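So you can see what is in the structure, the chains are spelled out below.
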Amino acid sequence: MFLEALGSAVLGLALAWAAAHRLPHRLPSRALVLSTGAAGALFGAFVTHSALGSANLLVILVGALVVSAASLSLLLRPAEGFRRRSATA
């Protein structure tokens, strides 16, 4: 169980670092992105472990990765050039 938590936290931090490195103009501060990635991965590992029991470590890490990516996607801001005007404006 310790390896699940440690592996998911490292995986969440790696995913958050990659997102912050690739999209710095669309994300808030790096500290918020890194903490959200790690917390999302830990929560995803907890949910996956609770739902499936002590299944394969790879399955739990995939669950952690999915929840971490979903929580990081909530931090994205729209691109500057993509803003549309409403039809009534």
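Values in this document were obtained by computation on a predicted structure and should not be read as measured data.

Visitor: Tell me what's going on with the overall build of the protein chain, and back it up with residues and numbers.
Guide: Helix and strand counts for the protein chain stand at three helices and zero strands. Each helix and strand of the protein chain, placed in order from N terminus to C terminus, yields the pattern α-α-α. In summary, the protein chain has a C-alpha radius of gyration of 16 Å against a globular reference of 12 Å for 89 residues, an excess of more than 25%. In terms of overall dimensions, the protein chain has a C-alpha envelope of 55 × 25 × 15 Å along the principal axes. Going through the 89 residues of the protein chain one by one, you find that 27% of them count as buried. By sequence separation, contacts in the protein chain at least 24 residues apart represent 68% of the contacts at least 6 residues apart. Accessible surface, the protein chain: about 6000 Å² in total, of which carbon and sulfur atoms supply 71%.

Visitor: Pulling in residues and values, what's your account of the side chain of Ser-68?
Guide: The topology assignment puts Ser-68 in helix α3 (residues 57-73). If near-sequence neighbours (up to four positions away) are discounted, Ser-68 is found in contact with Gly-12, Leu-15, Gly-37, Gly-40 and Ala-41.

Visitor: I'd love a proper account of a nonpolar patch on the surface, names of residues and values included.
Guide: Where nonpolar side chains cluster on the molecular surface, the patch consists of Phe-2, Leu-3, Leu-6 and Val-10 and spans about 450 Å² of accessible area. Positionally, Leu-6 belongs in helix α1 (residues 2-22).

Visitor: So what's going on with the side chain of Thr-48? Which residues, and what values?
Guide: Mapped onto the elements, Thr-48 comes out in helix α2 (residues 30-52). Among the residues examined, Thr-48 registers a relative accessible area of 13% and is labelled buried. A polar contact of 2.7 Å, which involves the side chain of Thr-48, links it to the backbone oxygen of Gly-44. Apart from the residues within four sequence positions on either side, Thr-48 is in contact with Gly-53, Val-59, Ile-60, Gly-63 and Ala-64.

Visitor: Please provide a residue-by-residue account of the nonpolar core, values included.
Guide: Counting residues in each nonpolar core, the largest one holds six residues, listed as Ala-16, Ala-20, Leu-27, Val-33, Leu-72 and Leu-75. Those residues in contact with Leu-27, other than ones at most four positions away along the chain, are Ala-19, Ala-20, Val-33, Leu-72, Leu-75, Leu-76 and Arg-77.

What counts and what doesn't
- Residues numbered from 1 in each chain as written.
- Predicted model: local features only at pLDDT ≥ 70, side-chain atom pairs only at ≥ 80, totals over all residues.
- Heavy atoms only, no water.
- Helix = DSSP H or I, 4+ residues; strand = E, 2+ residues; numbered from the N terminus.
- Rg over C-alpha atoms; globule rule 2.2 N^0.38 Å.
- Buried < 20%, exposed > 50% of the residue type's maximum accessible area, 1.4 Å probe, protein only.
- Contact = heavy atoms within 4.5 Å.
- Areas by Shrake-Rupley, 256 points an atom, 1.4 Å probe, with all protein chains shown as cover.
- Patch = residues over 30% accessible without salt bridge, like charges linked within 9 Å, V, L, I, M, F, W, Y side chains within 5 Å.
- Salt bridge = Lys/Arg side-chain N within 4 Å of Asp/Glu carboxyl O.
- Polar contact = N/O pair within 3.5 Å; in protein donor to acceptor, adjacent residues only side chain to side chain.
- Core = buried A, V, L, I, M, F, W, Y, C linked by side-chain atoms within 4.5 Å.

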